[in-house]
Amino acid sequence: MIQVSNLSFSYTKKPFIQDMNFEVHEGEIFGFLGPSGAGKSTLQKILLGMLPGYTGSAIACGTECNRHDQDFYQSIGVDFEYSTMYEKLTARENLEFFSSLYRQRVRSIDELLSLVGLENDGDKKVTAYSKGMKSRLNFIKALVHDPKLLFLDEPTSGLDPTNSRMMKDVILEEKKKGKTILLTTHNMQDATELCDRVAFIVGGKIFALDSPHNLIMSRGAAKITYSWLDNDIEKTGSCQLDRASEDVTLKGLINENRLLSIHSSEPTLNDIFIDITGKTLV
Amino acid sequence: MSRIRSISISFIHMLKFVKKDMMLLAAGVSPVMIGAAIRFGIPFIENLLVKYTGLPYVMEPYYGLIDILFAAITPVIFCFVAAMVILEEHDDHIDRYLFVTDLGRRGYYISRIIVPAVIAFVITAALLPIFGLSDQVVAVEVSLAIAGTLQGIIIALLVVTLSSNKLEGMALTKLSSLLMLGAVVPYIMPKPYSYILSFMPSFWTGMMINENNIVYMAACVAVSMVWIALLGIASKNK
Ligand SMILES: Nc1ncnc2c1ncn2[C@@H]1O[C@H](COP(=O)(O)OP(=O)(O)O)[C@@H](O)[C@H]1O
Ligand SMILES: [Mg+2]
């Protein structure tokens, strides 16, 4: 669906996006994960044909992005990181206008509104919307023409847990219908939960690219930590889960039934991100 | 063909949008009002002036100039309304969004600037024979309408490129409307000094009417095209 090879781009003379290579397969959710300023939105804009001055190649839906024709946008849905609505008009008027621009069959506006819990707010003006409501409205706007490729820029940022859950469910529902989804986020939980594959991006470079599961497994397996009482003093020990049988202390404690507590913990994508890039996500 | 569909939808949307603040009504009515005021008011005043001063004529030598300005006014009003809509849409990030829909960047600018300009041209070309003061041949009247329309496009592009909000846009419209005054130059400034202002497209319409030579229209179109090309590049880099 998307092929990027040797892609470089900069807003200034200083190099920014450098020699990037990756592919996004049809039907997958692909995430750009990185801190603010990493170049996630810039990458999306390149793939949307909004920044034609790049070198190398970026192909979306079979079209080189800086040489697309107008039909390019028929099968693409975009949710920018900021609100792109007529503030003076109601949500419904906005959605009606944007969907009227497309030739193909469009989705029912009522259905879209209720998908994200805005069924009772359709006739309110967008100015009266809260930030979270605007995010949800912007998101469903990207779906009106039922595009097969979706670009979502920080779709869940600024949403409370309930609305974030609702939004993620809709995203997963779209994936089930066979849509290809490219999303950016700096929220590792969302990335782990939604993405088939993620690219770690910092300073315009990809540091790692794999499924969240593989990335987590690649760095140190899960660990066991345990505690016991030694002369009324609590002590703790730890070992790798896959080498538990080699831990003599643990074995002894188990045999003597002296364990006070025991848990295993997997590293999070956040830990892995810090490990690989040396940067935190926020 | 699909282009035409989305462009007309986008244009009609703009009409509905400006209907809300009476801008549409004002823009629609003012060409006829101004035309009627000129056609009936100016000769009336001229009569009074001639009687009062005893001169054979006072304003009559400038009737052609007044027609140039009348041919410019409808495109300026229409393009001003369009520029205001564009600036408001820019504030709401709508333009950037429309660029990545079926409408596209080109379709957006066609629906916001070219379509209003073409309508302004048709209205101007229709009203000029009715309200024009100087008796011009059809070719000259059409030329004046074309010149006025190109100037309207230039003013709209100037406003859209140089201002970042509606307030700045209003101020800039007033300022860039001074471009119309280039037409006065050939009437009041001797050659070759007047050529200093030949970068103004309306300077050449002034020359055309003042010297009664339609060939100057070519220079007017050429200068206008340079303006439009430069502003087009500038707005793309904005
Ligand atoms: N239009 C622009 N002109 C110049 N610099 C820009 C522009 N847009 C973004 N940048 C810069 O590029 C960098 C990456 O921005 P962006 O892609 O938006 O990052 P992210 O989406 O990962 O937070 C930032 O340092 C930002 O300041
Ligand atoms: Mg961003």
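Only a predicted model underlies this, so the values are computations on that prediction, with no experimental measurement involved. (Residues numbered from 1 in each chain as written. Chains lettered and ligands numbered in written order. Predicted model: local features only at pLDDT ≥ 70, side-chain atom pairs only at ≥ 80, totals over all residues. Heavy atoms only, no water.)

## Describing the overall build of chain A
Inclusion rule: Secondary structure elements are defined from DSSP: runs of H or I of at least 4 residues count as helices, runs of E of at least 2 residues count as strands, and each element is numbered from the N terminus. In what follows, a contact means two residues having at least one pair of non-hydrogen atoms within 4.5 Å. In this description, accessible areas are obtained by the Shrake-Rupley approach with a 1.4 Å probe, and a residue is regarded as covered only by the protein chains that are shown. None of His or the chain ends enter the tally, which takes Lys and Arg as positive and Asp and Glu as negative. The atom standing in for a charge is NZ when the residue is Lys, CZ when it is Arg, CG when it is Asp and CD when it is Glu.
A count of helices and strands for chain A gives nine helices and 13 strands. When contacts within chain A are restricted to residue pairs at least 6 apart in sequence, those whose partners lie at least 24 apart make up 66%. For chain A, the exposed surface amounts to about 13100 Å²; the carbon and sulfur share of it is 49%. In chain A, 32 positive and 38 negative side-chain charges are present, and the distance between their average locations comes to 5 Å.

## Brief notes about the packing of aromatic side chains
The cut-off we apply is this: Pairing of aromatic rings covers Phe, Tyr and Trp, the last through its six-membered ring, and needs centres within 6.5 Å; plane angles under 30 degrees mean stacked, over 60 mean edge-to-face, and all others mean tilted. The rule for a charge over a ring is simple: NZ of Lys or CZ of Arg within 6 Å of the ring centre, and within 35 degrees of the ring normal.
Under the criterion given, the structure shown has 24 aromatic pairs over all chains. Of the aromatic side chains, those joined through ring pairs into one cluster are F80, Y82, Y86, F97 and F98 of chain A together with F17 and Y97 of chain B. Positioned above the aromatic ring of F17 of chain B is the side chain of K88 of chain A, whose terminal nitrogen or guanidinium carbon lies 5.1 Å from the ring centre. One cation-aromatic arrangement involves K141 of chain A over Y97 of chain B; the distance from NZ or CZ to the ring centre is 3.5 Å.

## Describing the confidence of the model for chain B
Here is the rule: pLDDT measures how confident the predictor is about each residue, on a scale from 0 to 100.
When pLDDT is averaged along chain B, the result is 92; 99% of the residues meet or exceed 70. The ipTM assigned to the predicted complex is 0.85, against a pTM of 0.87.

## Describing the state of the cysteines
Rules: Any two cysteine sulfur atoms within 2.5 Å of one another count as a disulfide.
Here the structure, examined in full by the defined rule, presents zero disulfides over all chains. Take C195 of chain A: it sits in no disulfide, and the sulfur closest to it among the cysteines is that of C61 of chain A, at 19 Å.

## Re the site of ligand 1
All names here are of chain A. Quick reminder of the rule: One heavy atom within 4 Å of a molecule or strand makes the whole residue count as near it. Definition of a polar contact: a pair of N or O atoms within 3.5 Å, with one able to donate and the other able to accept a hydrogen when the atoms are protein atoms, and with sequence-neighbouring residues admitted only if both atoms are side-chain atoms. Under the grouping applied here, Gly and all other residues not named as nonpolar or charged are polar, the nonpolar ones being Ala, Val, Leu, Ile, Met, Phe, Trp, Tyr, Cys and Pro and the charged ones Asp, Glu, Lys and Arg.
All residues adjacent to ligand 1 are Y11, F16, P35, S36, G37, A38, G39, K40, S41 and T42. Contacts to ligand 1 include A38, whose backbone N or O atom sits 3.1 Å from an oxygen atom. Take K40: an N or O atom from its main chain is 2.8 Å from an oxygen atom of ligand 1. Relative to its unbound accessible area of 560 Å², ligand 1 is 56% covered by the protein chains. Grouping the amino acids of the shell around ligand 1 by side-chain chemistry returns four nonpolar, five polar and one charged.

## Things to note about the nonpolar core
The nonpolar side chains of a soluble globular protein tend to be buried with one another. Note the threshold: Residue types Ala, Val, Leu, Ile, Met, Phe, Trp, Tyr and Cys, when buried and joined through side-chain atoms within 4.5 Å, form a set referred to as a nonpolar core. The buried label applies to any residue whose accessible area, calculated with a 1.4 Å probe on protein chains only, is under 20% of its type's maximum; exposed applies above 50%, and partly exposed to all values in between.
Ranked by size, the top nonpolar core spans 109 residues in total, and within it I2, L7, F22, F32, L47 and F151 of chain A together with L98 of chain B carry the most contacts. At 18 residues, helix 3 (residues 63–91) of chain B tops the list of elements feeding residues into this core. Once residues lying within four places of it in the same chain are set aside, the contact partners of L47 of chain A are I2, V4, F32, A58, A60, C65, F72, F151 and L182 of chain A. The next biggest cluster of nonpolar side chains, apart from the first, holds 42 residues, and it includes A91, L143, A191 and C195 of chain A.

## Let's talk about helix 9 (residues 201–210) of chain B
Every α-helix winds through 3.6 residues per turn, so residues three or four apart in the chain are directed the same way. All names here are of chain B. Within helix 9, nine of the 10 residues are buried, which leaves the element mostly enclosed by the surrounding structure. Looking only at helix 9, the buried set comprises P201, S202, F203, W204, T205, G206, M207, M208 and I209. One or two steps after helix 9, the chain reaches N212, where phi turns positive at roughly 50°.

## Looking at the domain arrangement of chain A
Here is the rule: Residue ranges assigned to the domains are those given by an automatic or database domain assignment.
When its domains are assigned, chain A resolves into domain 1 (2–217) and domain 2 (222–265). Taking the mean C-alpha position of each, domain 1 of chain A and domain 2 of chain A sit 46 Å from one another.

## Things to note about the side chain of T205 of chain B
All names here are of chain B. Residue placement: T205 occurs in helix 9. We classify T205 as buried; its relative accessible area is 3%. Reaching out from T205, the side chain makes a polar contact with the backbone oxygen of S202 at a distance of 2.7 Å.

## What about the environment of L7 of chain A?
All names here are of chain A. With respect to the helices, strands and loops of the structure, L7 is situated in strand 1 (residues 2–9). Taking relative accessible area as the criterion, L7 reaches 0% and is therefore assigned buried. In this structure, the C-alpha to C-alpha distance between L7 and I206, residues 199 residues apart in sequence, is 11 Å. In this structure L7 touches I17, Q18, D19, M20, L43, I46, Y54, T55, G56, S57 and A58, once residues within four positions along its chain are discounted.

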